[in-house]
Amino acid sequence: MKWFLRAVCAPVVFCAALLVAQSLFAQQKASPAKFPPPDAISEAESPSFDEKQRRLQTFNFVWQTVKDNHFDKTFGGQNWEKIREEFSRRIAQAQSDRELHEQLQEMLNRLGKSHLAIIPPEFFRAVERAKAAGGGSATASRIIQEEKTEPAPAENQISNGIGAEIRLLENRIFITRVAADSPAAKAGLKPGYLIEKINGVDLQIFLEMLRSEGVYTKIYEKQLSGLLSTLINGGGNGQTLAIDYLDQTERPQRVRIKPAPMPGDAVKIIADLPPQFLAFQTKSIGEEIGYVRFNLFALKTVEKFCAAVGRFKNKRALVIDLRGNAGGNFGAMFGILSLLAEREMLVGTQIGRAGREPNFVRPQPKRFKGKIVVLTDAESHSAAEIFAAALKENGRATIVGETTAGSALPALSRVLPTGAVFLFPIADFSTPKGNFLEGRGVEPNIKIPLLRQTLVQGKDNQLEAALSLLKEEVKKTLPGDENVAADKNDIPAAPTSIIFGAVKFGEAGIKPIAF
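Please read all numbers here as calculations on a predicted model, not as lab measurements.

## Some thoughts on helix α9 (residues 203–211)
When we look at burial in α9, the residues that qualify are Leu203, Phe206, Leu207, Met209 and Leu210. What you see down the axis of α9 is that its buried residues fit within an arc of 160°, all on one side. The N-terminus of α9 is capped by Asp202, whose side-chain oxygen sits 2.9 Å from the backbone nitrogen of Gln204.

## Thoughts on the pairing of strand β19 (residues 411–415)
Of all five residues making up β19, four are buried, and the element is well covered by its neighbours. Pairing between β19 and strand β20 (residues 421–425): five bridges, direction antiparallel. Across the sheet, residue Leu412 finds its bridge partner in β20, namely Phe424.

## Brief notes about the environment of Ile162
Among the secondary structure elements, Ile162 is positioned in the loop between β2 (160–161) and β3 (164–169). Sequence spacing of Ile162 and Lys186 is 24 residues, and the spatial spacing of their C-alpha atoms is 9.6 Å. Discounting residues that sit within four places of it in the chain, Ile162 has contacts with Ser182, Pro183, Ala184, Leu189, Ile232, Asn233, Leu241, Ile243, Ile257, Pro259 and Met262.

## Observations concerning the sheet that holds strand β21 (residues 428–430)
Strand order in the open sheet made by the three strands is β16-β15-β21, with antiparallel pairing throughout. Of all the strands in the sheet, just β16 (355–361) and β21 have a single pairing partner and so form its edges. Between one strand and the next, the sheet's axes are offset by a mean angle of 25°, whatever the strand orientation. Relative to β21, strand β15 (residues 345–352) is paired through three bridges, and the arrangement is antiparallel. Across the sheet, the residue bridging to Gln350 is Phe429, located in β21.

## Focus on the packing of α9 against helix α11 (residues 224–232)
At a minimum axis separation of 13 Å, α9 and α11 run at an interaxial angle of 140°. With respect to their mutual orientation, α9 and α11 come out oblique. Pair α9 / α11 crosses with right-handed handedness. Every residue of α11 that contacts α9 at Leu203, Phe206, Leu207 and Leu210 is listed here: Leu224, Leu227 and Leu231.

## Topic: the confidence of the model for the chain
For the chain, mean pLDDT is 78; residues scoring 70 or higher make up 73% of the total. Overall, residues 130–157 carries pLDDT values under 50, and its contacts beyond four positions in sequence, including any with other chains, amount to 57 contacts. The low-confidence segment residues 496–515, where pLDDT is below 50, has 60 contacts with residues more than four positions distant or belonging to other chains.

## Looking at the nonpolar core
In terms of nonpolar packing, the biggest core is built from 56 residues, with Met107, Ile118, Ile162, Leu189, Ile195, Ile243 and Phe422 touching the most fellow members. Grouped together as the second largest cluster of nonpolar side chains are 47 residues, Leu278, Phe294, Ala298 and Ala326 included.

## Comments concerning the packing of aromatic side chains
Going through the model one piece at a time under the given rule, you end up with nine aromatic pairs. Measuring from ring centre to ring centre gives 5.6 Å for Phe75 and Trp80, while their planes differ by 5°; the resulting arrangement is stacked. Both residues of the pair, Phe75 and Trp80, belong to the buried class. Ring geometry for Phe294 against Phe297: centres 5.1 Å apart, planes inclined by 85°, an arrangement best described as edge-to-face.

## Structural notes on the pairing of β20
Along β20, five of the five residues are buried, which leaves the element largely enclosed by surrounding structure. Neither face of β20 is left uncovered, since the one carrying Val421, Leu423 and Pro425 and the one carrying Phe422 and Phe424 both have all their residues buried. Bridge count between strand β1 (residues 117–119) and β20: three bridges; the pairing is antiparallel. Across the sheet, residue Ile118 finds its bridge partner in β20, namely Phe422.

What counts, and where the lines are drawn
Residues numbered from 1 in each chain as written. Predicted model: local features only at pLDDT ≥ 70, side-chain atom pairs only at ≥ 80, totals over all residues. Heavy atoms only, no water. Buried < 20%, exposed > 50% of the residue type's maximum accessible area, 1.4 Å probe, protein only. Helix = DSSP H or I, 4+ residues; strand = E, 2+ residues; numbered from the N terminus. Arc of directions from axis to C-beta. Polar contact = N/O pair within 3.5 Å; in protein donor to acceptor, adjacent residues only side chain to side chain. Pairing = 2+ DSSP bridges. Contact = heavy atoms within 4.5 Å. Axes fitted to C-alpha atoms, helices over the stretch in contact; angles between N-to-C directions. Parallel < 35°, antiparallel > 145°, perpendicular 65-115°, else oblique. Left-handed = near helix turned anticlockwise from the far one by under 90°. pLDDT = per-residue confidence, 0-100. Core = buried A, V, L, I, M, F, W, Y, C linked by side-chain atoms within 4.5 Å. Phe/Tyr/Trp six-rings, centres within 6.5 Å; stacked < 30°, edge-to-face > 60°.

Shown next, in the form of structure tokens:
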């Protein structure tokens, strides 16, 4: 069958309803499965014949979909037919949809690949329960079992926060970024502070809980930063957060902060999953360097990036900060690459059962022509990884920071009759130089870990390394060199025609489809 690109790169939504299923793009137009609607039943009741049939039908669909679409015909050395025999017996004994989902995830885990996931409805509620478990000491079982408040409206869930980011460093959770004039900044929180509890939830216990979640453990670990971000930003329910932390002198402190609307945009990346919050930041660093940071690749990101290129038309260098970027829309990624490419550029090759399909991008007439550094870390996923690899291997940018997540498989998603979302890969992906990102990630040209000791000093050692490099590069170029800065004319328009091999993004009938 003819391969063509339909779609997206995006992060997985597990527990948080903020991360979207990690997906890159689709090769074929698959017919949607037709299922009867799930019956509303009590988990405590014995399943009826119809319920058993629905669960068996769901299992057969998942198994057959993998058999027909998985890019590795050897299934990683697994006997897929025997796996069907084993799990069909187990599925027949399932007493609830939750048990069914866990069995399906265990089956998919046998293949040992990313982008193979069952995202069950109960996980969309898990973080809401955790956020509501305030006051006193919280335990892992309490977080899982209790649900004290109704989830906040979707628009509030993605737009409200305190303006702080937290990351796992050295197996402890630290603040890595605080937005200026945000509730967190006004409350005195600073980068480098160690977070111990949020609303009484001991984060070390919370981490232990996630690491003991059986079939979902590896998935939780991959999406940990997004989950932690949801916790510290309050989820939009309007409740004041009680945060216990250690400051730069290791003294225990407690602060209460009320979340507030954050600057950004709600964007829909995958139709089957909730909208996501796009945060986009630009600033000038001196006269010659521009800085752009965004957390998702969305079509809205392309518009904002075009405006940034116009703003930085007199700059001679650019930092693109993809640390914590969860991926997003594949067409958007190509659109931004076209604003940076010097010539037609191979982005990479998708490899599946139908063969190999190289994907190219052509430069836009109005584009940024200066030096580029891309910042990455272990939380740079999917589209962010392909973006960084394409610029690195085409010699267009230097990568500074840490190795990316290593989760970059082309995938599709489907909604199952239980309400779960099923994510499955349909191709592998190689970089311009033939490197595979899955399980490996993008290695930076200059590897620099983020350090707490510099954070507490108010410094970002990774960003400082990027700036130091660019300043040296700028010294080597002449101010009048036409290849130094962006085109000086108007702000470039958002790209409407981008080459994907033989397919143009933007032509009638071929659009980036969210799934």
